[in-house]
Amino acid sequence: MKKLLLLSLLLVSTLLSNLSFGQSITITSPNGGELVSACADYTITWNQTGASNYYNIEYSVDNGANWVTVASSYNTLSNSFVWQPPNISTNNALIRVTDSQNLPVTDLSDALFTINAALTITDPNGGETFETGENTVISYLYLAGIVNTVQAEYSTDSGTSWTTISSGNPADGSINWTIPNDPSTNVQIKVTDLSNAGCKTDTSDVPFTILSDILTTAPNGGEVFKATVKQQNIPNAIVNASNATLEVNTVNYTGTTTNYTQTFVPDNPLNKLKIQFTQIGGNYVRVYNGPTTGYPLLGTYYSTGTAISTHYTGALTVVSSVTSGTYDAFITSVGTATQNITWDITGTSEYFDIDYSTDNGATWHRIVNDYEQTGSIGNYDWQVPNVPTTQALIRVTDANNGNIIDQSDATFTIEAADPVFIVNYPDGGEQFYPTTLQSVKWLSAFTGPNVKLEYSVDNGTSWSLVEATYPDQFGGSVSTEGTYDWTVPNTPTTDALFRVSDAANPAAVDSSDAVFTILPHITIT
């Protein structure tokens, strides 16, 4: 029985051998030496004898070391297969065709052939370093007639996600690219012809780098600054337009189509307010030189522009007449000393948010938003707030990328502001009759809640008390202004002065800049 089984197996093996020997496949194209275009239809052809008409078709781009299947059990009577070669450039390509029903029946190209890639990125192709904002050119090679229009994209996570740079560009080998504010060491470029995105596409061979960095250089620790303005209680230093009178030093100001009349007053009367419009969406905005629209018009602005108050209070009044869109501006103080905030810039979006802390970074207060600075060094003239501390820090952040940030290396000191009094009326040269009421006006900052009021009739040699304690800024037309209705004494003189001082601090004082006159009161007897 065993001999009979062995004889049967031998007969079957011989029969199969004779069948395979009688079958053959001979590739005719590509069979060596051809130049084939990637991503373009190419017809693979072969001759066969006794094959099953079901074929496995494969290609290799490394002289047969590795094979990629493009069809399995492909049924054809024409001995041909339309193939789109992959988007790769190689001189080591081969094709292999195998009878899927009888695997020993196979053939491959007699010699190597060449595939020309349809689309190949040449730059940036890996290892480069760019700075945010830098202008560069994406360069690529392409087959004319096969690649016509292209789309460019970039990834910052090694190809996990993609952001479009531009699309629909006529293929010409280059695309201009401004480096975005997306710092990463895993950046890649992809260029694709969307007519066949599965094939006509290429990606940078190796990731490259986008740099974006901030280095705060001043104040950077140990400095001592004198305060010159108040600490604002305005969230994020952003003011939305309204009809309210506000005391400010530095704010971003924004409004909509609603019409408002709004007055801004400096929080230190030694300053004047400056407004810079960055954009106005529709119609216009008017700015008046003082605390009401009764003062002279400084300008009517339709897009951008700048106005600075010359009023004794430093106030500006803004009237909007915007029918569409929004308007935006910076309001800053001009006059008192400033301190330079400086930082080194590498890349970035060129717009910065600047903050300060008075408790070593536990809390932060916004100085300015979206402050534009170009070049390699940033600079901001800071009016230091009246928050005495030895634990102050400055922080600079890229306004368009909060991950790009730096702060002072060590704390610095803020010293208290000096008290300010300015007597505005009477201030010299006026003439008053006795027993008349005159509205005395003064401006103040960094003082106590009460003032002491006095007058002199001998050019300051001696002083007479008007009020020992009177509320500062009582009834003022602007938030830093104080007023008092003074009954002029019946003491004729050409050497009169008026003096205002802090009721709790006599050293904080101001008087009329020059003498005024109290006229003789004539009574007919």
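A brief look at the structure comes next. (Residues numbered from 1 in each chain as written. Predicted model: local features only at pLDDT ≥ 70, side-chain atom pairs only at ≥ 80, totals over all residues. Heavy atoms only, no water.)

Turning next to the overall build of the protein. The number of helices and strands found in the protein is one helix and 46 strands. In terms of overall size, the protein is more extended than a compact globule, its C-alpha atoms giving a radius of gyration of 42 Å where 525 residues would be expected to give roughly 24 Å. Here the protein holds 525 residues, and the buried ones make up 46% of them. Counting contacts in the protein only where the partners sit at least 6 residues apart, residues at least 24 apart contribute 67% of the total. In the form shown here, the protein has an accessible surface area of approximately 24,300 Å², with 49% of it arising from carbon and sulfur atoms. (Helix = DSSP H or I, 4+ residues; strand = E, 2+ residues; numbered from the N terminus. Rg over C-alpha atoms; globule rule 2.2 N^0.38 Å. Buried < 20%, exposed > 50% of the residue type's maximum accessible area, 1.4 Å probe, protein only. Contact = heavy atoms within 4.5 Å. Areas by Shrake-Rupley, 256 points an atom, 1.4 Å probe, with all protein chains shown as cover.)

What follows deals with the sheet that holds strand 43 (residues 481–487). Within a sheet, each strand pairs with its neighbour through backbone hydrogen bonds, oriented either parallel or antiparallel. The strand order across the open sheet built from three strands is 38-40-43, with neighbouring strands paired in antiparallel fashion. The open sheet has two edge strands, strand 38 (420–425) and strand 43, and neither has a second partner. Each adjacent strand pair in this sheet contributes to an overall mean axis angle of 25°, direction not counted. (Pairing = 2+ DSSP bridges. Axes fitted to C-alpha atoms, helices over the stretch in contact; angles between N-to-C directions.)

The next point concerns the pattern of salt bridges. In this structure the tally under the stated criterion is nine salt bridges. Between Asp353 and Arg366 there is a salt bridge; the shortest N-O distance is 3.7 Å. Taken together, the residues Asp353 in strand 32 (residues 351–357) and Arg366 in strand 33 (residues 365–372) connect sequence positions 13 residues apart. The exposure class of Arg366 is partly exposed, given its relative accessible area of 22%. Measuring nitrogen to oxygen at the nearest pair gives 2.6 Å for the salt bridge that ties Arg366 to Asp355. Here the residue Arg366 occupies a position in strand 33, and Asp355 occupies one in strand 32, the gap between them amounting to eleven residues. Taken together, the shared-partner salt bridges connect Asp353, Asp355, Arg366 and Arg395 into one network. (Salt bridge = Lys/Arg side-chain N within 4 Å of Asp/Glu carboxyl O.)

Turning our attention to the sheet that holds strand 6 (residues 80–83). Taken in spatial order, the three strands line up as 1-3-6 in an open sheet, and their pairing is antiparallel. This sheet does not close on itself; its edge strands, each paired only once, are strand 1 (24–29) and strand 6. Taken over all neighbouring pairs, the strand axes of this sheet differ in orientation by 25° on average, direction set aside. Pairing analysis gives four bridges linking strand 3 (residues 42–49) to strand 6, with the strands arranged antiparallel. Each residue of the ladder has a partner; that of Thr45, found in strand 6, is Ser80.

Quick look at the environment of Gln391 now. Topologically, Gln391 is positioned in strand 35 (residues 389–398). Gln391 gets classed as partly exposed once you look at its relative accessible area, which sits at 32%. Taking the C-alpha atoms as reference points, Gln391 and Leu270, separated by 121 residues in sequence, lie 27 Å from one another. The contacts of Gln391, once residues within four sequence positions are left out, are Ser357, Thr358, Asp359, Asn360, Thr411 and Phe412. Polar side-chain contacts of Gln391 include one of 3.5 Å to the side chain of Thr390. (Polar contact = N/O pair within 3.5 Å; in protein donor to acceptor, adjacent residues only side chain to side chain.)

The full count for this structure, using the stated rule, is 23 aromatic pairs. Between Phe432 and Phe516 the ring centres are 5.4 Å apart and the planes differ by 55°, which places this aromatic pair in the tilted class. Placement of Phe432 in strand 39 (residues 431–432) and of Phe516 in strand 46 (residues 516–518) is noted, with a sequence separation of 84 residues between them. Note on accessibility: Phe432 and Phe516 belong to one class, buried. An angle of 70° between the planes, with centres 5.0 Å apart, marks the rings of Trp486 and Phe498 as edge-to-face. (Phe/Tyr/Trp six-rings, centres within 6.5 Å; stacked < 30°, edge-to-face > 60°.)

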